[in-house]
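# Secondary and tertiary structure notes
Given next are the chains, with one letter for each unit.
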Amino acid sequence: MTLVVDQVSVAAGHRSNHRPPQLKGLPVVGLLPELRRDPLRFFTRVARDHGGAVELHFGLDRVTMLNDPVMIRHVLQDNRLNYEKSKFYDMMRSVLGEGIFLAEGEDWLGQRKTASRSFQGCQLRRMTDAMQDAVDDMLQRWQAPAAQQGTLDMVPEMMRVTLDILMRTLFSVRLEGEHEAVFPAMTRVLRDAERRIWSPFATPRWLPTANNRGVKEALATLDSFVYGLIDQRRAEGSRHSGEAGEGAGGDLLDLLMANQDGRSDKRLRDQILSMILAGHETTANALAWCWYMLSLHPESLRRVRTECRSVLGGRRPDFADLAKLTYTRSVFDEVLRLYPPLWTFSRTAVAKDRIGDLEIAAGTNVMLNMFAVHRRPELWDNPEGFDPGRFDPETGDPRRRFAYFPFSDGPRTCLGERFAVLESLIAISAVVQRFDLQLVPGQEVKPEPMITLRPSGLLMRPVPVTEG
Ligand code: HEM
């Protein structure tokens, strides 16, 4: 793999200041019609044709898309205090409120410090068993469809297992049937937020339209789920050792409750819901894409299966085993390159700034679009091809930071990255040793760009595999 970071960034050495080139589109609506037709293709093309930085006009909004790793590093790391979450995140405020995802400044730092304690290596090590239990329950559920040559709808399947893992490890509860309400409710609010981000003419939330009523009901479902968790924990008392392992002490819910400092339950609800949303939908999409890609690339599937068998031989993995699954990990990394579950995000410049010779005015919305950057031909050989080898720790190119950032980067990088990788490796290694997931023919599987990037539909047939 060749990463041509330096050449792309040559412009940063010039002294003269300039604004990025502008793409204006049609009068009034700007590029909105093109964007709405196919957002992924649109942004990929813009990044390919216009390179490092380009200003895009969408109706009344202007967004500066940064596609150069040096510029991305500037925003996420070098001068990150100048870049706050943009106004587009406000569409998510009714769900995420004041939780970690939207918080800024001291409030964010405090929440980050508290929650980080649940994601330290020793905590993750303790969670391995609970993660494996949730995956085993899923494999058990798959026995019946496998015996009857039935099919699985992989997106809800993955949502269910990742939510189950999250609830067992961070909140010490087992889901009974609640995911069936939580999953459609999440989908509903995400779809609504996504529509509002790209549509300046969306109906106001207070109008009693069918959509607004549906979103309100979905929020009520999520609220009742989360307040139910809080009530249950209060009834049981804190210092829950939970399924995260004997002697694990408090789980994330205990930590959040202990740090409430007399603040409202609404704030606690925001923190919990932010973690649930950030933590299950993303990994579920990553895993769904993984099954899709492995079904299209049987040689990769064979190598993954061989590696998992040779490292684990059918037994439960322990924490140390997972580091040995290097090819499996490369497959996962490559899936995240092609289908980053959070495929784009944005920041707003607080004060004016300079990135090399590029002027950024105060108030500029900058967009970092992983989907497009991960496919720039200047940065990646064969950008559209599936090639896990580029992430091989021995032979792959290590100069990929900020050209590859599915978990973001810098101080505000994904808090759950190691958790996500751990649960994914556990799920992949367990599934490939037991089942072949075969794509049901005749489907057109397309990425559906909401806030997250889901496959539009993914039906697969679980076929048991025999040893050897
Ligand atoms: C493959 C799975 C995942 C991907 C691709 C992913 C990606 C990301 C990205 C790109 C961000 C930055 C968003 C922004 O700044 O606007 C983020 C933030 C975050 N993620 Fe993840 N994530 C994944 C899984 C998880 C999991 C499993 C958890 C928790 C269990 C989690 C918790 C968080 C939290 C709490 C934040 C906010 C961090 C902060 O603002 O300080 N994520 N994630």
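Along each chain, residue indices are assigned from 1 in the same order as the chain's sequence is written. For this predicted model, a pLDDT threshold of at least 70 governs which residues receive local features, and a threshold of 80 or more governs which side-chain atom pairs are given and counted, while totals over whole chains, interfaces and linings are taken from all residues. Computation of side-chain values: all heavy atoms of the structure, hydrogens and water removed.

- If you check an unreviewed UniProt entry, the chain appears there as Cytochrome P450 from Pelagibius litoralis.
- UniProt positions are given in the numbering used here, feature names are shortened, and annotations may be inferred rather than shown by experiment. Of the chain, the UniProt comment under Cofactor (unreviewed entry) reads exactly: "heme".

### Section: the domain arrangement of the chain
- Taken domain by domain, the chain comprises domain 1 (1–88 + 343–385) and domain 2 (98–297 + 434–468).
- Residue ranges assigned to each domain were obtained from an automatic or database domain assignment. The distance between the C-alpha centroids of domain 1 and domain 2 comes to 30 Å.
- Contact between two residues is taken to exist if any of their heavy atoms lie within 4.5 Å; hydrogens are not considered. Contacts between the two partners involve 15 residues from domain 1 and, on the opposite side, 15 residues from domain 2.
- As used here, buried area is the combined drop in accessible area, with a 1.4 Å probe, of two parts when they are placed together. A buried area of about 1300 Å², summed over both sides, lies between domain 1 and domain 2, and 70% of it is on carbon and sulfur atoms.
- Considering only the side of domain 1, the residues that lose the most area to domain 2 are K85, F88 and W343, jointly responsible for 38% of the buried surface there.
- Should a side-chain nitrogen of Lys or Arg be within 4 Å of a carboxyl oxygen of Asp or Glu, the pair is scored as a salt bridge. There are zero salt bridges connecting domain 1 and domain 2.
- Residues adjacent in sequence count toward polar contacts only when both atoms are side-chain atoms; beyond that, a polar contact is any pair of N or O atoms within 3.5 Å, and within protein one must be able to donate a hydrogen and the other to accept it. At the junction of domain 1 and domain 2, the tally comes to three residue pairs in polar contact (both at pLDDT 80 or more).
- Working definition: helices are DSSP H or I runs of at least four residues, strands are E runs of at least two. Numbering for both runs from the N terminus. Among the elements of the structure, helix 2 (32–37), helix 3 (39–50) and strand 4 (83–85) are those that each provide at least two residues to the side of domain 1 that touches domain 2.
- Each residue gets one of three labels, nonpolar for Ala, Val, Leu, Ile, Met, Phe, Trp, Tyr, Cys and Pro, charged for Asp, Glu, Lys and Arg, and polar for the others, Gly among them. Its residues placed into classes, the side of domain 1 that touches domain 2 shows eleven nonpolar, no polar and four charged.

### Brief notes about the pairing of strand 6 (residues 345–349)
- Taking burial as the measure, the five residues of strand 6 include five buried ones, the bulk of the element.
- Side chains F345, R347 and A349 of strand 6 all project onto a buried face; the interleaved residues S346 and T348 project onto the opposite face, where all are buried too.
- Any two strands between which DSSP finds at least two bridges are classified as paired. Relative to strand 9 (residues 365–368), strand 6 is paired through four bridges, and the arrangement is antiparallel. Bridge pairing in strand 9 places T348 opposite N365. Think of it in three bands: residues with accessible area under 20% of the maximum for their type are buried, residues over 50% are exposed, and the middle band is partly exposed, with areas taken using a 1.4 Å probe on protein chains only.

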